[in-house]
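# Descriptive analysis of the structure
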Amino acid sequence: MAENFFVRLRHPEWWMDSIVGSALSPENAVVVTGFWRSGTTWLQQSLANAFHAKSVLEPLYPRFPLFRDEVLPSVKPSTGDDFSLLAFVSFVEESLDVSYPLEAYLERALTSSLPGVYVRTTRYDSEKKDGRESLPEKVGYRIRDALKTRVVVKFTRAHLLLPEIRRLFGPTVLHIRRDPRAVWSSLKRTGWEWPREFSLATHLLELDDGRRALFDDQSELIREIDRMGPAARIGGYWACLEQEVQRYKENGGNFSIVTYKQLCLEGTDHLAEVLSQSHTDPSTSFELNRNSYSTQRSRENASLQQRVYGWKNELPRAEVRDIEQALKKLDATDLLPDA
């Protein structure tokens, strides 16, 4: 506890975040969701710039200390294995009301009241890029950012919580969807280990939190895809999670789905149109950043066409086939941007 106190002393902006957050409503937040490497950070930073808002990054990241220590034990099913924790997507069987720590935690995320370096990554990244080196410059910038009263929160692990987030808090939600073949190509460039090691069957069928009921009808197909290799598993995970989002949308879910392809090729006009349908101020001036802090260095100068279609020249045919077969088995090919 003493260590946490001294850490907070070094970050007075966290106190300001908490004070400002206590006066904010989670309903006024903008939430960006999507699968990993789908442009979620890019979209979040662009929206934050347009709304003069502050960003909250990945509050459901399992290694973020506050989530890991205070919330994850109440939602993470007990298993004897690691089950590649970084790919864990939280789920609550009935409602968030039965998991109060998670509900309260999400409210703090939507009002930017969470302390910590990780969730403020975009703040510190902007500070560094702007060349603020002295302590007074850094503290001044951080306090000014903390005083902002608009909040944009990014999740890659909220697919299965989206109905509850909307029901309890009512924020504006934009879900971004990218071609899973492009997603896999981007994941390969990161060098992350979990996409190659995680078990699709474990994450969807073998956790004792009730999620199996969502995917039980497809259990044989999921286990079959699990044996096909990492590209197929990522394709299968993408398909199952995106189908849940699509099902929620078709059952009356009040949120917007945009595609990475549309944002790249149609730009700000498309984004403004989507937000106007969400009853967001149409007078806001939008500008899509070229890159985000998570853009891979090798892709910083890539054209928009390369970002959309580059996977065609990067992936082996066998991996493309595995992903496409996984989607076909799960009857999810209609979710492809070019479908």
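Residues numbered from 1 in each chain as written. Predicted model: local features only at pLDDT ≥ 70, side-chain atom pairs only at ≥ 80, totals over all residues. Heavy atoms only, no water.

What the protein contains, in helices and strands, is 20 helices and five strands. Within the structure as shown, the protein displays about 15,600 Å² of accessible surface, and the carbon and sulfur contribution to it stands at 47%. (Helix = DSSP H or I, 4+ residues; strand = E, 2+ residues; numbered from the N terminus. Areas by Shrake-Rupley, 256 points an atom, 1.4 Å probe, with all protein chains shown as cover.)

The element strand 3 (residues 151–155) is largely enclosed, with a buried count of five among its five residues. Judged from the four bridges that link them, strand 1 (residues 30–34) and strand 3 form a sheet pairing that is parallel. Across the sheet, residue valine 31 finds its bridge partner in strand 3, namely valine 153. Pairing analysis gives four bridges linking strand 2 (residues 54–57) to strand 3, with the strands arranged parallel. Residue serine 55 lies in a different strand from strand 3, and its bridge partner there is valine 152. (Buried < 20%, exposed > 50% of the residue type's maximum accessible area, 1.4 Å probe, protein only. Pairing = 2+ DSSP bridges.)

Our focus in this paragraph is the pattern of salt bridges. When the charged atoms of two side chains lie near each other, side chains of opposite charge can form a pair. Under the counting rule described, the total for this entry stands at 23 salt bridges. The residue glutamate 164 makes a salt bridge to arginine 167 at a minimum N-O spacing of 2.8 Å. Of this pair, glutamate 164 and arginine 167 both sit in helix 9 (residues 162–169), three residues apart, which is roughly one turn of that helix. Note on glutamate 164: relative accessible area 12%, which makes it buried. We note a salt bridge from arginine 177 to glutamate 242, for which the minimum N-O separation is 2.8 Å. (Salt bridge = Lys/Arg side-chain N within 4 Å of Asp/Glu carboxyl O.)

We now examine the pairing of strand 1. A regular strand places its side chains on the two faces of the sheet in alternate fashion. In terms of burial, strand 1 is largely enclosed, as five of its five residues are buried. Of the two faces of strand 1, the one carrying Val30, Val32 and Gly34 and the one carrying Val31 and Thr33 are both buried. Bridge analysis of strand 1 against strand 4 (residues 172–177) gives five bridges, and the strand direction is parallel. Directly across from valine 31, in strand 4, lies its bridge partner valine 173.

Another aspect to go through is helix 17 (residues 268–277). Among the residues making up helix 17, those that are buried are His270, Leu271, Val274 and Leu275. The buried residues of helix 17 all sit within an arc of 130° when viewed along its axis, so they share a single face. Exposed residues on helix 17 whose side chains face more than 90 degrees from its buried face are Asp269 and Gln277. Next to the buried residues of helix 17 lie helix 3 (40–51), strand 4, strand 5 (256–259) and helix 16 (260–266). (Arc of directions from axis to C-beta. Contact = heavy atoms within 4.5 Å.)

We note that histidine 52 has phi near 55°; this positive angle belongs to a residue other than glycine. Along the chain, histidine 52 falls in the loop between helix 3 and strand 2.

Among the structural elements, aspartate 209 can be located in the loop between helix 12 (200–205) and helix 13 (212–215). Separated by 117 residues in sequence, aspartate 209 and valine 92 place their C-alpha atoms 6.9 Å apart. Within the structure, the side chain of aspartate 209 is placed 2.8 Å from the side chain of arginine 211, a separation counted as a polar contact. (Polar contact = N/O pair within 3.5 Å; in protein donor to acceptor, adjacent residues only side chain to side chain.)

The contact between helix 10 (residues 180–190) and helix 15 (residues 230–250) brings their axes to 10 Å, and the two run at 130°. Judged by the inter-axis angle, helix 10 sits oblique to helix 15. Every pair of crossing elements has a handedness; the one defined by helix 10 and helix 15 is right-handed. On helix 15, the residues that touch Pro180, Val183, Trp184 and Leu187 of helix 10 are Pro230, Ala231, Ile234 and Trp238. Residues that form the contact of helix 10 with helix 15 fall into these classes: eight nonpolar, no polar and no charged. (Axes fitted to C-alpha atoms, helices over the stretch in contact; angles between N-to-C directions. Parallel < 35°, antiparallel > 145°, perpendicular 65-115°, else oblique. Left-handed = near helix turned anticlockwise from the far one by under 90°. Nonpolar A, V, L, I, M, F, W, Y, C, P; charged D, E, K, R; others polar.)

Using the criterion set out here, one finds 11 aromatic pairs in the structure. Residues phenylalanine 67 and tyrosine 105 carry aromatic rings whose centres are separated by 5.4 Å and whose planes lie at 40° to one another, so their mutual orientation is tilted. Of this pair, phenylalanine 67 sits in helix 4 (residues 65–70) while tyrosine 105 sits in helix 6 (residues 100–110), placing them 38 residues apart in sequence. With respect to burial, phenylalanine 67 and tyrosine 105 carry one shared label: buried. Both rings, one in tyrosine 248 and one in phenylalanine 255, keep their centres 5.3 Å apart while their planes meet at 10°; by these two values the pair is stacked. (Phe/Tyr/Trp six-rings, centres within 6.5 Å; stacked < 30°, edge-to-face > 60°.)

Glancing now at helix 10. Counting buried residues in helix 10 gives eight out of 11 residues, a clear majority hidden from the surface. Within helix 10, the full set of buried residues consists of Pro180, Arg181, Ala182, Val183, Trp184, Ser185, Ser186 and Leu187. Looking at the packing, one finds that the buried side of helix 10 touches helix 11 (194–197), helix 15, helix 18 (304–309), helix 19 (311–314) and helix 20 (317–329). Immediately beyond the C-terminal end of helix 10, within one or two residues, lies glycine 191, with a positive phi of roughly 80°.

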